[in-house]
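One-letter residues, chain by chain:
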Amino acid sequence: MANFVVVGGGAAGLELVTRLGKSFAGNKQHTVTLVEPSGHHLWKPRLHEIAVGSFDNELDAVSYVQHSVCNGYQFVQAGMSGLDRESKTIVLDRDVDGNNTLSYDYLVMAVGAVSNDFKINGVREHCLFLDSSEQALLAWEQIKKMLQSSTQQRISIVGAGATGVELASELAKLNQQLSRYKMGGSLAVTLIEAADRVLPASPKCMSEKVQRKLEQQGVTVQLNAKVQSASHHQLIVNDTAIEAQLQVWAAGVKCADWLANLDGLETNRINQIRVKPTLQTTLDDSVFVIGDNAECPQPDGSMVPPRAQAANQEATHLAKQFKRLIKDKPLQPFIFKDGGMMIALGHDYAVGSVMGNKLVLRGRWVRNIYDTIFRLHQQVLFGWGRVSALMILKRVKCLLNPYYKGSLS
Ligand SMILES: Cc1cc2nc3c(=O)[nH]c(=O)nc-3n(C[C@H](O)[C@H](O)[C@H](O)COP(=O)(O)OP(=O)(O)OC[C@H]3O[C@@H](n4cnc5c(N)ncnc54)[C@H](O)[C@@H]3O)c2cc1C
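Calculation rules
Residues numbered from 1 in each chain as written. Predicted model: local features only at pLDDT ≥ 70, side-chain atom pairs only at ≥ 80, totals over all residues. Heavy atoms only, no water. UniProt positions renumbered as here; feature names shortened; annotations may be inferred. Near = heavy atom within 4 Å. Polar contact = N/O pair within 3.5 Å; in protein donor to acceptor, adjacent residues only side chain to side chain. Areas by Shrake-Rupley, 256 points an atom, 1.4 Å probe, with all protein chains shown as cover. Helix = DSSP H or I, 4+ residues; strand = E, 2+ residues; numbered from the N terminus. Nonpolar A, V, L, I, M, F, W, Y, C, P; charged D, E, K, R; others polar. Domains from an automatic or database assignment. Contact = heavy atoms within 4.5 Å. Buried area = accessible area lost by both parts, 1.4 Å probe. Salt bridge = Lys/Arg side-chain N within 4 Å of Asp/Glu carboxyl O. Buried < 20%, exposed > 50% of the residue type's maximum accessible area, 1.4 Å probe, protein only. Phe/Tyr/Trp six-rings, centres within 6.5 Å; stacked < 30°, edge-to-face > 60°. Lys NZ or Arg CZ within 6 Å of the ring centre and 35° of its normal. Pairing = 2+ DSSP bridges. Axes fitted to C-alpha atoms, helices over the stretch in contact; angles between N-to-C directions.

The chain appears in an unreviewed UniProt entry as NAD(P)/FAD-dependent oxidoreductase from Vibrio sinensis. Regarding the chain, the UniProt comment filed under Sequence similarities (unreviewed entry) reads as follows: "Belongs to the NADH dehydrogenase family."

Colleague: I'd love a proper account of the site of the ligand, names of residues and values included.
Modeller: In the vicinity of the ligand lie 30 residues, with Ala12, Glu36, Met80, Asp292 and Ala308 positioned nearest. One nitrogen or oxygen atom from the side chain of Glu36 is found 2.6 Å from an oxygen atom belonging to the ligand. Here an oxygen atom of the ligand sits 2.9 Å away from a polar atom, N or O, in the main chain of Ala308. Taking 1,000 Å² as the accessible area of the ligand by itself, protein coverage stands at 86%. Secondary structure elements with two or more residues in the shell around the ligand: helix 1 (11–23), strand 2 (31–36), helix 2 (47–51), helix 7 (162–180) and helix 9 (308–326). Taken together, the residues of the shell around the ligand sort by class into 17 nonpolar, eight polar and five charged.

Colleague: Give me the lowdown on the domain arrangement of the chain, citing residues and values where you can.
Modeller: One frequently used descriptor of interface size is the decrease in accessible area upon assembly of the parts. When the domains of the chain are assigned, the result is domain 1 (3–114 + 254–326) and domain 2 (123–252 + 342–404). The C-alpha centroid of domain 2 is placed 27 Å from the C-alpha centroid of domain 1. In this complex, domain 1 contributes 32 residues to the contact, which on the side of domain 2 involves 33 residues. Both faces considered, domain 1 and domain 2 share a buried interface measuring about 2,900 Å² in area, 61% of it formed by carbon and sulfur atoms. In terms of surface lost to domain 2, no three residues of domain 1 exceed His48, Val52 and Leu59, which account for 23% of the buried area on that side. Applying the counting rule to domain 1 against domain 2 returns four salt bridges. Across the pair Arg367 and Glu49 runs a salt bridge, and its minimum N-O distance is 3.7 Å.

Colleague: How would you sum up the pattern of salt bridges? Please name residues and give values.
Modeller: A side chain of one charge can pair with a side chain of the opposite charge if their charged atoms are brought near each other. Within the structure shown, the criterion is met by 15 salt bridges. When the shortest N-O distance is used, the salt bridge between Lys394 and Asp60 registers 3.3 Å. Taken together, the residues Lys394 in helix 11 (residues 384–400) and Asp60 in helix 3 (residues 57–60) connect sequence positions 334 residues apart. By the burial criterion, Lys394 is buried, and Asp60 matches it. One salt bridge in this structure joins Asp117 and Arg124, with 2.9 Å as the shortest N-O distance. Overall, the relative accessible area of 11% leaves Asp117 in the buried class. The partly exposed category is assigned to Arg124, whose relative accessible area is 46%. In this structure, a network of salt bridges that share partners links the residues Arg46, Glu49, Arg367 and Asp371.

Colleague: Give me the lowdown on the packing of aromatic side chains, citing residues and values where you can.
Modeller: The geometry of an aromatic ring pair is captured by the separation of the ring centres together with the interplanar angle, meaning the angle of the planes. For the structure on display, the rule yields eight aromatic pairs. Here the aromatic rings of Phe4 and Phe322 are separated by 4.7 Å at their centres, their planes lie at 40°, and the arrangement is tilted. Taken together, the residues Phe4 in strand 1 (residues 3–7) and Phe322 in helix 9 connect sequence positions 318 residues apart. An angle of 25° between the planes, with centres 5.1 Å apart, marks the rings of Tyr64 and Phe75 as stacked. Taken together, the residues span a long stretch of sequence, with Tyr64 in helix 4 (residues 64–71) and Phe75 in strand 5 (residues 74–77) at a distance of eleven residues. The buried category is assigned to Tyr64, whose relative accessible area is 2%. For Phe75, a relative accessible area of 16% puts it in the buried group. By the ring-pair criterion, three or more aromatic residues cluster together here, those being Phe4, Phe24, Tyr106, Phe288 and Phe322. Stacked on the ring of Tyr106, the Lys or Arg Lys88 has its end atom at 5.9 Å from the ring centre. Of note, Arg386 hangs over the ring of Phe382, and the distance from its end group to the ring centre comes to 4.1 Å.

Colleague: Give a detailed account of the pairing of strand 23 (residues 359–363), specifying residues and quantitative values.
Modeller: Across five bridges, the pairing between strand 22 (residues 350–354) and strand 23 is antiparallel. Each bridged residue has a counterpart across the sheet, and for Ser353 the counterpart in strand 23 is Val360. Hairpin connection, strand 22 to strand 23: the antiparallel pair is bridged by four residues, and Met355 has positive phi, about 50°.

Colleague: Give me the lowdown on the sheet that holds strand 15 (residues 234–237), citing residues and values where you can.
Modeller: Strand pairing within a sheet occurs via backbone hydrogen bonds; the two strands may be parallel or antiparallel. Taken in spatial order, the three strands line up as 14-15-16 in an open sheet, and their pairing is antiparallel. Sheet topology places strand 14 (227–231) and strand 16 (240–243) at the edges, where each strand pairs with a single neighbour. Each adjacent strand pair in this sheet contributes to an overall mean axis angle of 25°, direction not counted. Two elements, strand 15 and strand 16, share four bridges in a ladder whose sense is antiparallel. Paired with Ile236 across the strands is Ala241, a residue of strand 16.

Shown next as structure tokens:
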């Protein structure tokens, strides 16, 4: 009998509990429990669409309560706040059935990562972040108010990684909708990046294509621009003030501070937990880590990147390994297969690099492949039947409704 506890129901954790729940269905010997503070799962790479009001929460949000009942795992709505490895228990931030601890035989940490404010003065207080659906909804509430103004409203986005680029482009598209529907107001979007190109972790030719497209869409791109401090409606960048009604921080990646000293587990400087190639923590074989939360080494000495596809692949791998584990078979190492990177630039265009970054593709059809990645995630959660129904429903809704909710507010 084994008791699996998975903490965090994001891209990695939710796929893992779904696979485990289905594998152990009918086998009452093993239990699978998901610990997650939110009531609904929204796929994180689409948070920028929530922030701009173009994501369909009704169709694409997953209720953990409902999903757990249909897929054979238990759902505990709480956040994890501590770990006691000796007694094999985790501490929860609230009481569940009169108890704030939960015991495990095997623990999987999958609590993801957040943006890194690099402790720059004023950023935490004066910028919005896009790390959770709640924050994305907050951004949408503010943008909705800005859309009601008849004067031009300015938005600064710091960080030209995937999040910042996709958000800037989505806002530029919203701006085009405003002028199409003659709504009066307009948005001026500035994307601020400390490196000398957008998407600094991608091949150079991809960065160039993405920057060209952003500029065509009307986004102002400022490179080699280091934010020194943030205050109310103002960023100081390279000693110059940039004014904006809304400031979004989308730079850097780090894990939450409470992970830095989690019952002595080894972590790196951005609080990721160090794991062996088997995804087991370096100091404790019964604690596993997947997704952005893990620093996982690869045979060539590199680390698995904090990306959605890595999270999905690790979940698939670990689900297989747990089946081996309960049969007393040795665990196999996780090898990341890099399928390339795709960046959506609005709803009808995407740029992607494939074949080990040798080939850069762009266009509407690349955007369709980008959508397929999300649908593959949904397929793991629901199966193809329901995903096909969702796709048809979405198409019908798009035909009957104006695309952006912003145009209705
Ligand atoms: C706007 C945006 C766009 C992105 N675009 C791309 C992209 O185009 N391509 C790409 O590859 N990647 C992209 N990413 C990154 C991608 O979303 C992550 O790599 C991926 O979601 C990591 O999955 P995860 O399961 O590790 O973490 P997450 O998906 O972040 O899930 C973590 C889960 O843990 C839960 N949690 C947090 N704290 C606790 C706690 N204390 N206790 C219990 N549960 C907790 C959270 O509520 C959440 O449900 C993007 C990210 C953002 C924000």
